[in-house]
Amino acid sequence: MSVYRLSQMLSPRSVALVGGSPQPAALDAAILGNLRAARFAGQIGLVNPHGGSIGDLDAVKSLDGLSFTPDLIVITAPAEVIPAIVADAARLGTAGAVIISAELGYGPHSLAEAANRAARQHGMRLIGPNSLGVLMPAAHLNASFAAHTPRAGNLALISQSGALASGMVDWAAQRSVGFSGIVSVADQLDVDIADCLDFFALDTQTRAILVYLEAVKDARKFMSAARAAARVKPIVVVKSGRMAHGARAAATHTGSLAGADEVYDAAFRRAGMLRVFDLRELFDCAETLGRAKAPGGKRLAILTNSGGIGVLAIDRLVELGGIPAVLDPALQERMDAVLPPRWSRANPVDIGGDADSERYAAALGALLADPGNDAVLVMNVQTAVASASEIAESVGRLVREDRKKRSMVPKPVIAAWIGGDEGIARTFDAAAIPSYPTEDDAVRGFMHLVHHREVVETLAGVPPSLPKEFAPDQHAARRVVEAALRDGRSWLDPVEVRQLLEAYQIRMVPTLAAADAEAAVAASAPFFAEGKTVVLKIQSRDIPHKSDVGGVVLNLTSADAVRAATAEILARAMAKRPDAQLAGVVVQPMVVRPKARELILGIADDPTFGSIIVFGRGGTAVEVINDKALALPPLDLKLARDLIERTRVSRRLRAYRDVPAVKEDEVALTLVKLAQLAADLPEIRELDINPLLADEHGVLAVDARVVVGPVVAKFAGSGNPNFAVRPYPAQWERDLMMKDGEHALARPIRPDDEPGIYRLLQHVTMEDLRLRFFAPIKEFTHQFIARLTQLDYARAMAFVAVDDNGEIIGVARLHSDSIYESGEYAILLRSDLKGRGLGWALMKLLIEYGKAEGLKRIAGQVLQENTAMLSMCRDLGFKAKTDPHEPEICDVTLDLEVLSVR
C-alpha cells in the first residue's frame, strides 16, 4: 500500500492510547508521558475496557466513547483482543495503528492476519506488532516507550529492532543529533521498510535515511522503493544476520528468515544503498550525513599537528579508495607565508605540535580556498602548549564564515580531535561540523559522503547500448526448456544445454551425448577426421562435480582409446557413486587455449531476491578459491563491468607479461546475455557455466549444467516473477498505425534512450514544451533527461515511438500512484509531426497497458488552451472537469473498470 495514509498516521491531529490491562501498566504511562513530553498539540484519548486513569486522563471503555475519532491509535492491549480493536478503529475511520503488543503469531489463521484483514477492509494502516512506536519530532509526536524524546533534525531512522531505535535516540541525545522521524516497523505486518523509504524519500525535512534491517519481506517492493529513494538522498543500511548463527537469531526475533548475506549485499549495491556493518559505523554515518553534504570529488586534504596520525589517515584514505589532495606550488607559496618553515609542504599538512588556533586558522583558510581538494579533514592531538578547545572554536568560526561566502555548496570540513572532551564535541555540534574520536572514523565518514555521490552518479548514468547483432532466439530456447518439462525432467542434457546457450549467442564447445562406448566412438569420429583429439566426461545429473569420481579423460587420440576410456569412466563412477543414475558420457573436442582464463558464470535462485547472477574464477577449485561476486538481474554492460571488477580474477583479464588481455567486453556481454536468458525463461532455476574460457579471441563455454522447473512466482505483478528488479518489458513492443498508413515502432523506454530524447526535445517548440510541462523549459540537463529515461518498470511506464531511421518522434508515460489504482499520463510529440495520429496511437497504448496492469483509472492535467489534447481525451472517453483552485487547468479521468465492462 506504500505511502497511503502514512502522512495522516505520522502527523496526526489526534491520538488514542488503547490498553487492556485491569490496572494501567507502566508501559501505558510511559507512552502517555512521551506524548505529553513531546508537546503534542492534538487531542489525546485513553481507552481501556476496565476504565481507570493515568494521571489526569480518564479512560473510556471503547473507541466509540471518545469525543473524537483519532487519526492514530497506539495499542498496548493483550494480543487476543487486538483484531477487534483494529476492526473498531477502522470502522470509525482511524488512519492507522501502532501495535506495541507482541506475540500475535504468523500465518493465515493467526491474530496478526485477523488484525491485518480487519484493517484492510477500510484502508487502515498498521505498524508493528512488537513495535517500539513512532517518533516524529517536527510533528511533536512521540508515540513510543523510548527513554528520550529526540530533537528535530534531518535524519530518518527505519528500524526492525525497537531496542536499536531506542539506542539511536539515546546516542542522538548525547551528540545533539536530530531526527525528522523514527519508525519502528518491527514485524512489518502492513507498513514495512519499503513504505517508510517511500515516505521519507518525499519528506522535505529528511536529508538522509538510516535503516536497520533483519529481513526483507517483499524484495521487489523493497528494491523499487530503495532505488527511488537513493536517487534523491543517502540511504545507509546495517543488516544483522551476516553469519549463520546471527541469521538464526534474527529469524527468531522477527519471525522471518534472513537470506544469504552476499545476496543482500548485491541487492543493497544495486539499489544504491550505503552498507555499514555495525552500529558504530551507523552512528558515524549519522554524524556525517546529518551535518555535511557530498563533496564534488574524493580528494581529501588533511590538516594536523601530528605527522604520525596524519600518515595513518592518508593510509586509511587510500585503502578505502579516496585520493590524497596534491598541494600545488601556488598553494605551497601561500602556506609558506603563514606557516613556520618546518611545515610538511605536503599532504598531510603537518603544521607542528605547537600549532595554536591562529596557525590552524591560517592553514585551514588556505586549504578551503584551494580548488585542488574536495574536502578538508582537520585533526588535533592535544598538547600542553596549545589549547585544543580554542583551536576547535577557531575552526568552527572559520567554517561558518566560509559557508556564508560560498554561493554554491560549501566545501565539507570534518574533524577528529584525539582525546577531545564533551566541550569540544559541543563546539563542533554548534558549527555543524561532523567530528570523530579517531582519524579512522573521520576518513570513513568522508568516504561515506563520497560513496553517496558516486551512487547518485551511477544511478543517473547512461549505460552503453548493446551490440545490435545481439538478437537472441527466445523461441528456440523455450522449445528446449519446454521439451524437458514435458518429459518431467529437471536437468537439461548436454546437447540441450548447448542449444540453449547458443540460442543466446553464448558459444559452447561442440557437445555430443553417448550412451555407451560404441556410441562414444561414433561421436568422436568427426573430430578425429579434423585432426582433433577428444575429451570424455561422465554424464549424470547426480554427479555435479565430474572430477570427484574420475569422470573426465583428456586428449584421446583414437577409437580404441575412446572405447577404453568410456568403460573406465563408467566403471569408476559406478564404484564411487553406486547411487547415481548414469546416462553415459559426453564427447567434446579438446580445446587448446593455453592463455585463456577459466571463469564461472551462473544463475542462482535466492529464496528472498529470486534470480541472481554469479561471476568469478572458475575451474575445479572454484569453491576453495571462493573468488566471486553477485548481482541482481537484469544487467546492462555497465552493471556487468562492475560485477566483474568486484572479483580478484578481474585483474587477470587484463594483459600481463606475454599474456594478451581478454577481448574487450566479451565477458561483460556474456553476463548480459545470461541475465537476458534468465529474464526470458523464468523456468530456469539454476545455470552453471564452468569453465568459461576467456582470452584475446573471445569466450567459449566448455562445460555447463542447467536445472529447470515449473515457474513458481516469488513476486506479484507482471514481468518475470523471479526478478526482484523488474526487467525491460519486451512484450510491450508494438507496431503503431498512424494516419495515411504510416507506421512507427512503439517500445518501452530504456536508459540508453537519453541521446534520442535529447534530439526529440530539440524538435519540440517552446510553446509545446510549455503545454507539456506547464512552464517554459530552457535547458535540458543530463539530470533532467535521466529522470525521463530511467524508469522503474514496477512503478511507471514510458513508451517511445521510433521512426524507420531509429529516431524517437514521440513519448508517452504513465506513472502509478502509491496504491497502484490510478496512473497519471503525459504525452509529448515532435512538433512537426503533430496531427498524424501518433498521439492517439500512443494514448491507446497507454490505456491498453493500464488495463493490463490492473489500474482502475488514468488521469491527467491539461491546460485549457491545449484544445487538441482535450479533444482527443473526450473522444477516447475521458471525463473532463475544471480544477476549481486552478481554473486554467482541466482534470481529465478515464475509468478503466467501466471501459473493461464495455
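The structure presented is a predicted model; accordingly, all values stated were derived computationally and were not measured. In this numbering scheme, every chain counts its residues from 1 along its sequence in written order. Owing to the predicted nature of the model, reporting of local features is limited to residues with pLDDT of at least 70; listing and counting of side-chain atom pairs is limited to 80 or more, with chain, interface and lining totals taken over all residues. As a rule here, side-chain values cover all heavy atoms of the structure and leave hydrogens and water aside.

**Looking at the overall build of the protein**
Runs of E in the DSSP output that reach at least two residues are strands. Runs of H or I that reach at least four are helices, and both are numbered from the N terminus. Each helix and strand in the protein was counted, giving 29 helices and 38 strands. The quantity called the radius of gyration is restricted to C-alpha atoms. Its globule counterpart is 2.2 Å times the number of residues to the power 0.38. Computed over the C-alpha atoms, the radius of gyration of the protein is 32 Å, within 12% of the 29 Å expected from 2.2 N^0.38 for a compact globule of 902 residues. Expressed along its principal axes, the backbone C-alpha trace of the protein runs to roughly 95 × 85 × 70 Å. Burial classification: accessible surface area is computed with a 1.4 Å probe over protein chains only, and a residue below 20% of its type maximum counts as buried, one above 50% as exposed, and the rest as partly exposed. Per-residue burial over the protein gives 55% buried out of 902 residues. Within the protein, contacts between residues separated by at least 24 positions form 72% of all contacts whose residues are at least 6 apart in sequence. Looking at the protein, you have 100 positive and 110 negative side-chain charges, and the mean spots of the two groups are 1 Å apart. In what follows, residue pairs with any heavy atoms lying within 4.5 Å of each other are defined as contacts. Just so you know, the count uses Lys and Arg for positive and Asp and Glu for negative, and it drops His and the chain ends. To locate a charge, take atom NZ for lysine, CZ for arginine, CG for aspartate or CD for glutamate.

**Description of the layout of surface pockets**
There is about 1,300 Å³ of room inside the second largest pocket. Secondary structure elements with two or more residues in the lining of the second largest pocket: strand 22 (534–539), strand 23 (552–556), strand 24 (584–589), strand 25 (597–606), helix 21 (622–625), strand 27 (628–631), strand 28 (684–695) and strand 30 (704–708). Of all the elements, strand 25 adds the most residues to the lining of the second largest pocket, at 7 residues. The method works on a 1 Å grid over the protein atoms by themselves. A cavity is a set of points holding a 1.4 Å probe that cannot get out, a pocket is an open set with protein on both sides within 12 Å along at least five of seven lines, and residues with an atom within 4 Å of a point line them. Grid points are joined across faces, edges and corners, and a volume is the space filled by probe spheres set on the points.

**Concerning the sheet that holds strand 2 (residues 43–47)**
Paired strands, in this sense, are two strands between which DSSP finds at least two bridges. Reading across the sheet, the 5 strands line up as 2-1-5-6-7 and stay open at both edges, with parallel pairing between neighbours. For this open sheet the edge positions go to strand 2 and strand 7 (125–127), each flanked by a neighbour on one side alone. Each strand of the sheet is rotated relative to its neighbour by a mean of 20 degrees, with strand direction disregarded. Pairing between strand 5 (residues 72–75) and strand 6 (residues 96–99): 4 bridges, direction parallel. Pairing of Val74 across the sheet is with Val98, part of strand 6. Orientation is described by axes fitted as lines to C-alpha atoms, over the contacting stretch for helices, and by angles from 0 to 180 degrees between their N-to-C directions. Against the sheet, helix 3 (residues 82–92) contacts strand 1 (14–18), strand 5, strand 6 and strand 7, and its axis sits at roughly 170 degrees relative to strand 5.

**A look at the packing of aromatic side chains**
We describe a pair of aromatic rings using the distance from one ring centre to the other and the angle between the two ring planes. Aromatic rings from Phe, Tyr and Trp, taking only the six-membered ring of Trp, are treated as a pair when their centres fall within 6.5 Å; an angle between ring planes under 30 degrees marks them as stacked, one over 60 as edge-to-face, and anything in between as tilted. A complete count under the given rule lists 11 aromatic pairs for this structure. Ring plane angle 75 degrees and centroid distance 6.2 Å describe the contact between Tyr728 and Tyr793, whose orientation is recorded as edge-to-face. Here Tyr728 is found in the loop between strand 30 and strand 31 (734–737), whereas its partner Tyr793 is found in the loop between helix 26 (782–789) and strand 33 (796–802), with 65 residues between them in sequence. A relative accessible area of 24% places Tyr728 in the partly exposed class. In this structure Tyr793 comes out as buried when scored by relative accessible area, which is 8%.

**Brief notes about helix 20 (residues 559–576)**
Helix span, as expected, comes to 1.5 Å for every residue beyond the first. Counted at 1.5 Å a residue, the expected span for helix 20 with its 18 residues is 26 Å, and the 26 Å between its end C-alpha atoms agrees. Those residues of helix 20 that sit buried are Val562, Ala565, Thr566, Ile569, Leu570 and Ala573. Buried residues of helix 20, viewed axially, fall in a sector of 130 degrees; they line one side. Looking at helix 20, the residues exposed on the side facing more than 90 degrees away from the buried face are Asp560, Met574 and Ala575. If you follow the buried residues of helix 20, they end up packed against helix 19 (517–529), strand 22, strand 23 and strand 24. What the arc measures is the spread of directions leading from the helix axis to the C-beta atoms.

**Here we look at the confidence of the model for the protein**
Per-residue confidence for the protein gives a mean pLDDT of 89, with 97% of residues at or over 70. pLDDT measures how confident the predictor is about each residue, on a scale from 0 to 100. Ignoring residues within four places in sequence, the model shows residues 245–259, a span with pLDDT below 50, making 26 contacts including any to other chains.

**Structural notes on empty space enclosed by the protein**
Per the counting criterion, the structure on display carries 4 cavities of 30 Å³ or more. Size it by volume and the largest cavity reaches roughly 100 Å³. Lining of the largest cavity is provided by Ile757, Leu760, Leu761, Arg772, Phe773, Leu788, Val811, Ala812, Arg813, Ala826, Ile827 and Leu828. Any residue that is not Ala, Val, Leu, Ile, Met, Phe, Trp, Tyr, Cys, Pro, Asp, Glu, Lys or Arg is counted as polar, Gly included; the first ten are nonpolar and the last four charged. Considered class by class, the residues forming the lining of the largest cavity number 10 nonpolar, no polar and 2 charged.

**A look at the side chain of Glu496**
The residue Glu496 is located in helix 18 (residues 494–503) in this model. Think of a polar contact as two N or O atoms within 3.5 Å of one another; within protein, one of them needs to be a possible hydrogen donor and the other a possible acceptor, and neighboring residues in sequence only count if both atoms come from side chains. Separated by 2.7 Å, the side chains of Glu496 and Arg489 make a polar contact. Apart from residues lying up to four places away in sequence, Glu496 is in contact with Val480 and Arg489.

**Considering the sheet that holds strand 38 (residues 889–895)**
The sheet built from 8 strands is open, its strands ordered 31-32-33-34-35-36-38-37 with mixed pairing. Unpaired on one side and paired on the other, strand 31 and strand 37 (879–882) mark the two borders of the sheet. The sheet shows a mean angle of 25 degrees between the axes of neighbouring strands, taken without regard to direction. As paired strands, strand 35 (residues 822–829) and strand 36 (residues 857–863) are joined by 3 bridges and run parallel to one another. In the sheet register, Glu824 faces strand 36, and the bridge partner there is Ala859. Its contacts with the sheet put helix 27 (residues 838–852) on strand 31, strand 32 (743–748), strand 33, strand 34 (808–816), strand 35, strand 36 and strand 38, and the angle it makes with strand 34 is roughly 30 degrees.

**Considering the packing of helix 13 (residues 357–369) against helix 14 (residues 388–405)**
Where helix 13 meets helix 14, the closest approach of the two axes is 9 Å, and the angle between their N-to-C directions is 30 degrees. With respect to each other, helix 13 and helix 14 are oriented roughly parallel. The handedness of the crossing between helix 13 and helix 14 is right-handed. Facing helix 13, whose interface residues are Ser357, Tyr360, Ala361, Leu364, Gly365 and Leu368, helix 14 presents Glu390, Ile391, Ser394, Val395, Leu398, Val399 and Asp402. Of the residues that constitute the contact of helix 13 with helix 14, the class distribution is 8 nonpolar, 3 polar and 2 charged. Any angle between 65 and 115 degrees counts as roughly perpendicular, while under 35 counts as roughly parallel, over 145 as roughly antiparallel, and the rest as oblique. Take the far helix as the reference: if the near one is turned anticlockwise from it by less than a right angle, the crossing is left-handed, and if turned clockwise, right-handed.

**Let's talk about the pattern of salt bridges**
Between side chains of opposite charge, a pair can form as their charged atoms come close. What counts as a salt bridge is simple: a side-chain nitrogen of Lys or Arg found within 4 Å of a carboxyl oxygen of Asp or Glu. The final tally for this structure, using the stated rule, is 55 salt bridges. For Asp354, the salt bridge goes to Arg342, with nearest N and O atoms at 2.7 Å. Taken together, the positions of Asp354 in the loop between strand 17 (349–350) and helix 13 and Arg342 in the loop between helix 12 (329–338) and strand 17 put the pair 12 residues apart, joining distant regions of the chain. For Arg342, a relative accessible area of 52% translates into the label exposed. One salt-bridge network, in which partners are shared between bridges, spans Arg120, Arg125, Asp190, Asp192, Asp195 and Lys221.

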